[in-house]
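# Descriptive analysis of the structure
This is what each chain is made of:
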Amino acid sequence: MSMFEDIPVEVGVIYEGERIRRKDMHIELGGPDIKEKFELTRVKKPEEVEDGKVTIIGSDFKDMEEGKSYAFGILIEVAGPQLEPELEGVIERRIHEYCNFIEGFMHLNQRYDIWLRLSKKSFQKGLNSLQYIGKVLHRLFKSELPIIEKMQVTFITDPEKVKGLYSEALQIYEARDARARGLKDEEVDKFYGCVLCQSFAPTHVCVITPQRYSNCGAISWFDGRAAASIDPKGPVFTIEKGELLDPVKGEFSGVNDTAKKKTLGEITRVWLYTAFGYPHTSCGCFEGTAFYIPEVDGFGVVHRGYKDIAVNGLPFSTLADSTAGGRQVDGFHGISIEYMRSPKFLQADGGWNRVVWLPKEVKERVKDFIPAEFVDKVATEEEAKTIDELKTFLKERNHPVVERWKEEVVAVPAEVKEEAPAVPVVTATTLPITAGGFRIILKDAKVYAKKVIIRSVKSEKGEKTEKR
Ligand code: SF4
């Protein structure tokens, strides 16, 4: 008898990567429309856990209204003689994988950012209770991670209850992240890799180092070590660092070899501390995206929960699309919030010297880790909503990128005679151009022009002014 005979839909690895579009969804749990949502794993004493128990606090699938989004919390409590609190993050991250094994049930993101959908089709097939989801999780966890002896699952859909536990969960995540701070990449000889997201991005492998937290923000170097030790054949594995090829960009021979192997030759080099050249790939569940802003030669960062348009005129979803998919895209870089607290954060690109814009919420979260001299120089949506406003702000605050403008932009005489020799108008190490749906990157570019047209776009509808 199959392990899932009593479940009304199929369960298996083939359903991983299945996307459920809005028109096909019965209901949604968490996601962008819901502020408070979380998933959390806690290691407990054996007497505190009733093996196999599934509790639902609030309404169940069958009581929910079609097409609606609901507050949601998943609490998984586990016990076993070998289980340490250090493993909580690792067990918790598997919720993503195992939920996605269920036909017509989609899980995205992690921790406080979870987004789940149940398809109409699976609901009609009889997947009408969270009890089934709890049963599947219990069986998969126990068969895949035998060190879990007892496990109970609680689903919370009562918004008030979710709210209370949500703030508690945030404190637990912070304590976990804080535990992993302080250790340096130079001090270890092993990194860890994760391919859990390859079902969505087949050429993506996360390289988790002490100072470069996983993109999803859910797996620290310590979590990686714990995961690789309890399940060495699992999705999280050890990477021998190998030779240090570039300390500034963060290139290691062992990382390159692993990336090549795990992506079947698609990715051959990885530079851990830069968004250019061979940046770390991005899957789809990064907490935020760092994006290069050519107009100011600096970086903005936008996080998944940011609802407005970023300073360059694009929403998170568009920036995320430009970043995701296991590619190495110059100037678009999936990151975790915790990586912003690392001294290695975009080290090769100038680190905080180069960051010009952040949503206020992110700035608050990482404020204590921004070098004091830069805190007031980084704009938020309150100071700059457009590139023009950003330029003014950066000049006023004397942000270090302003110096780069002088270096890189050569003044052009107002009248350039046709026969005058062409002068370099722009020089840049990397110059991205977006046109006709393609992104063209000129490396070490020197652009010459006989005439320069500066065009300011006044409105989206096309009212333009031109200066020649
Ligand atoms: S983002 Fe990276 S570390 Fe996190 S689950 Fe995906 S592959 Fe693993």
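As shown above, the structure is provided for reference.
Below, the structure is looked at part by part. (Residues numbered from 1 in each chain as written. Predicted model: local features only at pLDDT ≥ 70, side-chain atom pairs only at ≥ 80, totals over all residues. Heavy atoms only, no water.)

### With respect to the overall build of the protein
Along its length, the protein carries 10 helices and 21 strands. Across the 468 residues in the protein, those meeting the buried criterion constitute 53%. Counted over contacts in the protein with a minimum sequence separation of 6, partners at least 24 positions apart contribute 69%. Summing over all exposed atoms, the protein offers an accessible surface of approximately 21600 Å²; the carbon and sulfur share of this is 51%. (Helix = DSSP H or I, 4+ residues; strand = E, 2+ residues; numbered from the N terminus. Buried < 20%, exposed > 50% of the residue type's maximum accessible area, 1.4 Å probe, protein only. Contact = heavy atoms within 4.5 Å. Areas by Shrake-Rupley, 256 points an atom, 1.4 Å probe, with all protein chains shown as cover.)

### Topic: helix α1 (residues 88–99)
Between its terminal C-alpha atoms α1 stretches 17 Å, which fits the 16 Å expected from 12 residues at 1.5 Å a residue. By the criterion of burial, α1 is predominantly enclosed, with 12 of the 12 residues buried. Those residues of α1 lying buried are E88, G89, V90, I91, E92, R93, R94, I95, H96, E97, Y98 and C99. (Expected span 1.5 Å × (residues − 1).)

### Things to note about the nonpolar core
With 104 residues, the main nonpolar core has F141 and M340 as its most contacted residues. No other element matches helix α3 (residues 130–144), which puts 6 residues into this core. With residues near it in sequence (within four places) discarded, F141 still touches I76, I91, R94, I95, Y98, I148 and M151. Counting residues in hydrophobic clusters, the runner-up holds 25 residues, among them F286, V302, A310 and L319. (Core = buried A, V, L, I, M, F, W, Y, C linked by side-chain atoms within 4.5 Å.)

### Let's talk about the sheet that holds strand β1 (residues 25–30)
Strand order in the open sheet made by the 4 strands is β4-β1-β7-β6, with mixed pairing throughout. Both outer strands of the open sheet, β4 (69–70) and β6 (105–108), are each paired with one neighbouring strand and no more. One ladder, built from 5 bridges, connects β1 with strand β7 (residues 115–119); its direction is antiparallel. Counterpart to M25 in the pairing with β7 is S119. Along the sheet, α1 contacts β6 and β7; its crossing angle with β6, the most-contacted strand, is approximately 145°. (Pairing = 2+ DSSP bridges. Axes fitted to C-alpha atoms, helices over the stretch in contact; angles between N-to-C directions.)

### Examining the packing of α1 against α3
Contact pair α1 / α3: the axes reach a minimum separation of 10 Å and the direction vectors enclose 120°. Judged by the angle between their axes, α1 and α3 are oblique. Along this stretch, α1 crosses α3, giving a crossing that reads as right-handed. Facing I91, R94, I95, Y98 and C99 of α1, the residues of α3 in contact are L137, L140, F141 and E144. Grouping the amino acids of the contact of α1 with α3 by side-chain chemistry returns 7 nonpolar, no polar and 2 charged. (Parallel < 35°, antiparallel > 145°, perpendicular 65-115°, else oblique. Left-handed = near helix turned anticlockwise from the far one by under 90°. Nonpolar A, V, L, I, M, F, W, Y, C, P; charged D, E, K, R; others polar.)

### What to know about the site of the ligand
Around the ligand, the structure places R93, C194, L196, C197, H204, C206, S214, C216, I219, C283 and C285. Looking at side-chain class alone, the shell around the ligand contains 8 nonpolar, 2 polar and 1 charged residues. (Near = heavy atom within 4 Å.)

### Some words on the packing of aromatic side chains
Inspection of every chain in the model, using the stated rule, returns 17 aromatic pairs. Aromatic pair F286 and F316: ring centres 6.3 Å apart, planes at 65°, arrangement edge-to-face. Of the two residues, F286 is situated in the loop between α6 (253–262) and β14 (288–293) and F316 in helix α7 (residues 316–323); the sequence distance between them amounts to 30 residues. We note that F286, like F316, is buried. (Phe/Tyr/Trp six-rings, centres within 6.5 Å; stacked < 30°, edge-to-face > 60°.)

### Considering the pattern of salt bridges
As enumerated under the stated definition, the model contains 30 salt bridges in all. A salt bridge links D6 to R139; its shortest N-O distance comes to 2.8 Å. Residue D6 is located in the segment before β1, and its partner R139 is located in helix α3; the two are separated by 133 residues in the primary sequence. Of the residues examined, D6 reaches a relative accessible area of 35% and is grouped as partly exposed. For R139, a relative accessible area of 23% gives the class partly exposed. Residue E77 pairs with K44 through a salt bridge whose shortest N-O separation is 3.9 Å. (Salt bridge = Lys/Arg side-chain N within 4 Å of Asp/Glu carboxyl O.)

### Section: the sheet that holds β14
Read from one edge to the other, the open sheet built from 4 strands follows the order β16-β14-β15-β17, with strand pairing classed as mixed. Looking along the sheet, the strands with just one partner apiece sit at the ends: β16 (332–335) and β17 (355–357). In this sheet, adjacent strand axes meet at a mean angle of 35° when their direction is disregarded. Inspection of the sheet shows β14 paired to strand β15 (residues 298–303) by 6 bridges, in the antiparallel sense. Each bridged residue has a counterpart across the sheet, and for A290 the counterpart in β15 is V301. α7 rests against β14, β15 and β16 of the sheet, and its axis sits at about 85° to β14.

### Points about the environment of L40
Topologically, L40 is positioned in strand β2 (residues 37–43). Its relative accessible area of 5% is what places L40 among the buried residues. Every residue in contact with L40, bar those within four places of it in the chain, is listed here: I74, L75, I76, E92, A169, I172, Y173 and R176.

Function cannot be read off these values alone, since they describe shape.
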